[in-house]
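# Residue-level structure breakdown
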Amino acid sequence: MNTYLKALLLSTTLLLTSTAVLAGSELTTLLMLLHENGTITTEQYERVLAEANATEKESKLEKQELQAALDKATAVEVTVKGGIKVASKDGSFSTKLGGRLQMDAAYYGEDGKQQGDGTDIRRARLSLSGKMYDNWGFKLENDFTKSGLAGLTDAYITYGGLARHKLYLGHFRDAIILQELNSDNDTQFMERSLVSAFAQSRHMGFGGMYTGNNWTGALSVFGDKAKVNAGTDDEGWGVVARLTTTPYRVDNDLVHVGIASDYRKLNTGTGALSFSTSPESHLGGLKLVDTSEITKADSFQISGLEAAFVKGALNGQAEYVRADVERNGISDLGFDGWYGQMAYVLTGESRPYKDNKFGRIKPKSIFGQGGTGAWELVARYSTIDLTDKDIVGGEQDNFSLGVNWYATPTIRFMANYVKVLNVDGGEHDGVEPDIFQTRFQWAF
Amino acid sequence: MNTYLKALLLSTTLLLTSTAVLAGSELTTLLMLLHENGTITTEQYERVLAEANATEKESKLEKQELQAALDKATAVEVTVKGGIKVASKDGSFSTKLGGRLQMDAAYYGEDGKQQGDGTDIRRARLSLSGKMYDNWGFKLENDFTKSGLAGLTDAYITYGGLARHKLYLGHFRDAIILQELNSDNDTQFMERSLVSAFAQSRHMGFGGMYTGNNWTGALSVFGDKAKVNAGTDDEGWGVVARLTTTPYRVDNDLVHVGIASDYRKLNTGTGALSFSTSPESHLGGLKLVDTSEITKADSFQISGLEAAFVKGALNGQAEYVRADVERNGISDLGFDGWYGQMAYVLTGESRPYKDNKFGRIKPKSIFGQGGTGAWELVARYSTIDLTDKDIVGGEQDNFSLGVNWYATPTIRFMANYVKVLNVDGGEHDGVEPDIFQTRFQWAF
Amino acid sequence: MNTYLKALLLSTTLLLTSTAVLAGSELTTLLMLLHENGTITTEQYERVLAEANATEKESKLEKQELQAALDKATAVEVTVKGGIKVASKDGSFSTKLGGRLQMDAAYYGEDGKQQGDGTDIRRARLSLSGKMYDNWGFKLENDFTKSGLAGLTDAYITYGGLARHKLYLGHFRDAIILQELNSDNDTQFMERSLVSAFAQSRHMGFGGMYTGNNWTGALSVFGDKAKVNAGTDDEGWGVVARLTTTPYRVDNDLVHVGIASDYRKLNTGTGALSFSTSPESHLGGLKLVDTSEITKADSFQISGLEAAFVKGALNGQAEYVRADVERNGISDLGFDGWYGQMAYVLTGESRPYKDNKFGRIKPKSIFGQGGTGAWELVARYSTIDLTDKDIVGGEQDNFSLGVNWYATPTIRFMANYVKVLNVDGGEHDGVEPDIFQTRFQWAF
């Protein structure tokens, strides 16, 4: 290499390095310069250069090995917050092992009808749920307070490969009545309101949910509840639709409105139908209003109108639900009920909302880690009328107050006072107890 | 160091580095050369050398720390494909949390006997299985569609510390009838053939399996099914043996032949024995052939002859099974049945085979990730005769067709058409319905 | 920089580096020296220096990225030893999925009363337990050998945010009788001694445990056992207290002494009370001593006195337990019993002790990994008297011998011989069988 070329090369190199200095090349550069300056011989230059190149090669290999080890170590992300969740890095797979435990104690003020005070395991569940091959979802949950199939709650598969649609197949909850769709982990009272008399819980079915920008629509067809044998009669079936919208939504504040309908044709043979509900307290087991079996029932339709709002720490929810029963050869029947409830979070958290239902408050500070948890006050009025024509199931009005303490995002303590204001008609006419009950819950 | 020695050293070093250049030493070498050339003073040389050595030491330490952190991060490998599997790096331990869900719908063409159309959760299971301390294995699986002990399926321990042997202790499946040994996750029809009348399912027992190069042998002794109390009668017991061989095997193509025998002595007191089977459809619950209780039965022997082949996308399986019953003071009885089935995988996958049974097709392309899944057509003829001497349980012949769609390795949809060709004798003589039924399954 | 300053700086640098050589700066130092020596020009010096700085910067960035990746990979620690445990690095969260399986076989020598020989699944459990938000603990365990709520064992929440205190809320075991508090995974015989007639198992309750330096105190209030509805009668309730101390403790050797009391008021309505126990063998189901229902029982008190020691491979345990029953309008009743047992571990392991109860031996060498496991010999005498006044439940004395093989820390095989020495009074007067029974267990 002649001096001219060297100078050219050098200036070019300097030009390049002035804008982007070549990292890692400093020893090589120094070597070159020392060689050019004549400080070291060509032999010496080449010897050290060979060593430098070997080092670089080895270093590259080490980095590759390291990267491979790191890739392996981070191929899945495991998280633990009570439950265990494992997710593959590429997002194709994730599985969560979750659980919940709810334990109650209740005291019943006596008013004509003795109910046992005591304690109760309300729910004790484990669940396995997740995602497979990008677009498929699955869930299996069992409640250990019940035996066999009665303990099986969610058990389904989903497919999410269509834009904005999610398909469901299996044993899942009918999309009707907002208070039923909010998980019992998240409801603001220990028990849902009196209109749960019309709740349909889960059936075997197939359905889809569409999620628009500010609305959702769900449509499903269902068979009967899960069972092992069909017996000799054809199963009943149902069609359920629900439409919700959030006409106003700014950050956490929102207005939610929805309508829903559940048409159900009863089992051809043993289609026993009845509507009843406990007085918003599970432990005593007494149902103050109860239609008993409605004979000759052929089909029924549940219709629901729901509205809710969140404004900062304040939120409210109300629903009107109506059941129309068709009977063979006798006149039709109609029952209905409604409730309204308000909640205020003393510690300021907002009630979370996702898709078309509400979640559980996530406390900003955690008890046990120096914080206070979140505190919430709730009030509810609810009423139901299960009397029509020849069916005298009774009317009932309840007023309830509650305090909820969200100690951590996974732990909640609840205290409820329920005053049965009025029971009119039916077997328990005039039985109007007040009830004090508490719950603790962990859920994740 | 004199010049001669230096020259010697230098030439030796060059010799060595010409074949294996010393990586990481380049700066030290340059220093030495600059020192030799007199470019830098001895003091300067030693100062820079000290710094270089300190860097090397620190770098080694960093690498060790990094390696330790990496070792910790990769001490176990966690994988998620629906189920969660955790395996220790050294292979001593591994545990898998798995599950399955199977949901059916069925329509029964009426033919003299009404069966209810409807839906059904066929199986809903969670399992925990794995390996401990290199040679011990364990499994516990529960089916939530059943209550208490009836839901417990596999519950055992294994020991694999003997060459080619695996020992089993606990509640596991009798090694008899190929269609029973193939997991219900993997069977090609929704329900096993009519010869499942002779299936013995699981008992409490102890056994071993030997795996040769192209054959397996299994021998077990069993008590009764799992239960909590023995009552006042001694349990029944059984001895089960099975021998299989693959005389031909090239890649996935193979011929499998096996014989098996299950001798069972009945419980001394309440040893009720009967053989019956549903018409290859579970939901309706009706059993078209049924011996009802065989009184005075003392012991019985099930004998089976099985053969199967795989040739590319085509495969077949056939079995003959016979039950011989000894009775106290009355003549002995004999019942038997057989089936043959063929399957063709339209998308070309081969039916997998391991040890002595078949697995589930693994689709080459996955639906939901741009692929089609695997599609399979299946056909089966099966027949059973449960009539002998004074016992008139009936004879039955079935023909079935099916389509299976393996959307992903973990998700399968099945559709079966079953035509009961003939029921001759017994309570349901002449009841010959056709059945259309579907299933979806996730299993991992 | 003049020469004087340079010399000063150099000597200072040398001084510093003589005690702490600056790692990573060697090239920069060399550059500086070569520049000072005039070997390279200022331009050359600056050029190489810029490259070195760029390298250093890039290297720092790489290290930060690496550290971030490593932090993510080690954010949780997953361990597998049969069970799966996931713990967050900061110790705030940890969750364990555990299980146990116990399988028995029993042979009953006949002595006037036939009991069925056979096999049994004694326990088959899965559990999810852990820690959340530093101070909260939780557990949910289900036994699949039982149906519904009967299978639910531990189901509670704990709070550990108070010094030396741990609070419990939920369904947990009454702190009474040492042999009951030692987990059935850890007891030295297959079944607990005859005084388990007085065991109270688990109730719904709230309690606390204080752990001093060499003593513990526990106090709880309980409602009834877990159930879904209270019915019309108020639940029974109880108060349980236990005080234990280890007056002597050097390494593993120790003396443990404790007293406990359990007062229980029966359910107002259906408060059926009876005491009975199987002959230290579960499978047969026969209870040789049994008070049958004690009518008009109002409340009862269980009192226990317990003592135990560990001296190297030798250990012993003894308890006296007494039940006093108050009846409405009739004279009170008193029943009692005691047992003493000794164990010697042939392979030298010590019985582990923690807080106020004993654990399971951890074998020093592992069978299946070249070792022998641990071998233990045990002997026990136990006696109970369930006869008082008008109640003739019978007296019973048992002597038992056992061998335990701890193949691995998670796997145990047990063989017990039980000789019923005497049954005096009651329905089974004089029925004195001997029993041989075995168990295998995996538990983690």
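Our subject is the structure that appears above.
All figures in this text were calculated on a predicted structure; none of them were measured in a lab. Throughout, a residue's number is its position along its own chain's written sequence, starting from 1. Note on labels: chains are lettered from A, ligands numbered from 1, in written order. Predicted model: local features are reported for residues with pLDDT of at least 70 only, side-chain atom pairs are reported and counted for 80 or more only, and whole-chain, interface and lining totals are derived from all residues. To obtain the side-chain values, all non-hydrogen atoms of the structure were included, while hydrogens and water were left out.

### Looking at the overall build of chain A
Numbering goes from the N terminus for both helices and strands, where a helix is a DSSP run of H or I of at least four residues and a strand is a run of E of at least two. What chain A contains, in helices and strands, is 4 helices and 22 strands. Taken over C-alpha atoms, the radius of gyration comes to 33 Å for chain A, far larger than the 22 Å a tight globule of 444 residues would show. Each principal axis of the C-alpha distribution contributes one length, and for chain A these read about 115 × 50 × 40 Å. Residues classed as buried in chain A amount to 55% of the 444 residues present. About 17900 Å² of surface is accessible on chain A, with carbon and sulfur atoms providing 56% of the total. Positive charges are assigned to Lys and Arg, negative charges to Asp and Glu, while His and the chain termini are left out of the count. Just so you know, the charge point we use is NZ for Lys, CZ for Arg, CG for Asp and CD for Glu. Taking the average location of the 45 positive side-chain charges in chain A and that of its 56 negative ones, the two points are 4 Å from each other. The globule rule used here is 2.2 Å times the number of residues to the 0.38 power, and the radius of gyration it is set against is calculated over C-alpha atoms. Burial classes follow relative accessibility: with a 1.4 Å probe on protein chains only, a residue under 20% of its type's maximum area counts as buried, one over 50% as exposed, and anything between as partly exposed. Accessible areas in this description were obtained via Shrake-Rupley with a 1.4 Å probe; residue shielding takes into account the shown protein chains only.

### Concerning the side chain of C:Asp262
Residue and element names in this part refer to chain C. When you line up the elements, Asp262 lands in strand β11 (residues 253-265). We define a salt bridge as a contact between a side-chain nitrogen of Lys or Arg and a carboxyl oxygen of Asp or Glu at a distance within 4 Å. Salt bridges are absent for the buried Asp262, whose nearest opposite-charge side chain, Arg264, sits at 4.7 Å. Should any heavy atoms of two residues lie within 4.5 Å, those residues are counted as being in contact. Ignoring any residue separated from it by four or fewer positions in sequence, one finds Asp262 in contact with Asp174, Ile176, Gln200, Val239, Val240, Phe300, Gln301 and Ile302.

### Examining the environment of A:Ile84
Turning to its location among the elements, A:Ile84 is positioned in strand β2 (residues 83-88). Placed 14 residues apart in sequence, A:Ile84 and A:Gly98 show a C-alpha to C-alpha distance of 6.8 Å. With residues near it in sequence (within four places) discarded, A:Ile84 still touches A:Val78, A:Thr79, A:Thr95, A:Lys96, A:Leu97, C:Val86 and C:Thr95.

### A closer look at the relation of the copies chain C and chain A
Least-squares superposition of the copies uses the C-alpha atoms of those residues scoring a pLDDT of at least 70 in each of them. Mapping chain C onto chain A calls for a screw motion: a turn of 120° about the axis and a shift of 0.1 Å along it, with 0.2 Å RMSD after fitting. Each copy turns onto its partner about a three-fold axis. Considering only C-alpha atoms, the residue of chain C closest to the rotation axis is C:Ser147, which sits at 3.1 Å. Looking at the interface residues of chain C, only 17% of them are also at the interface in chain A, so each copy uses its own face.

### Quick look at a nonpolar patch on the surface
All names here are of chain A. A contiguous nonpolar patch, built from Leu314, Met342, Tyr344, Leu346, Trp375, Leu377 and Val403 and spanning about 590 Å² of accessible area, is present on the exposed surface. Of all the elements in the fold, those that place two or more residues in the nonpolar patch are β16 (333-345) and β19 (374-388). Along the chain, the position of Tyr344 falls in strand β16. Each patch is assembled from residues with relative accessible area greater than 30% and no salt bridge, linking like charges that lie within 9 Å and nonpolar side chains (Val, Leu, Ile, Met, Phe, Trp, Tyr) that lie within 5 Å.

This is a description of form; function is not addressed.
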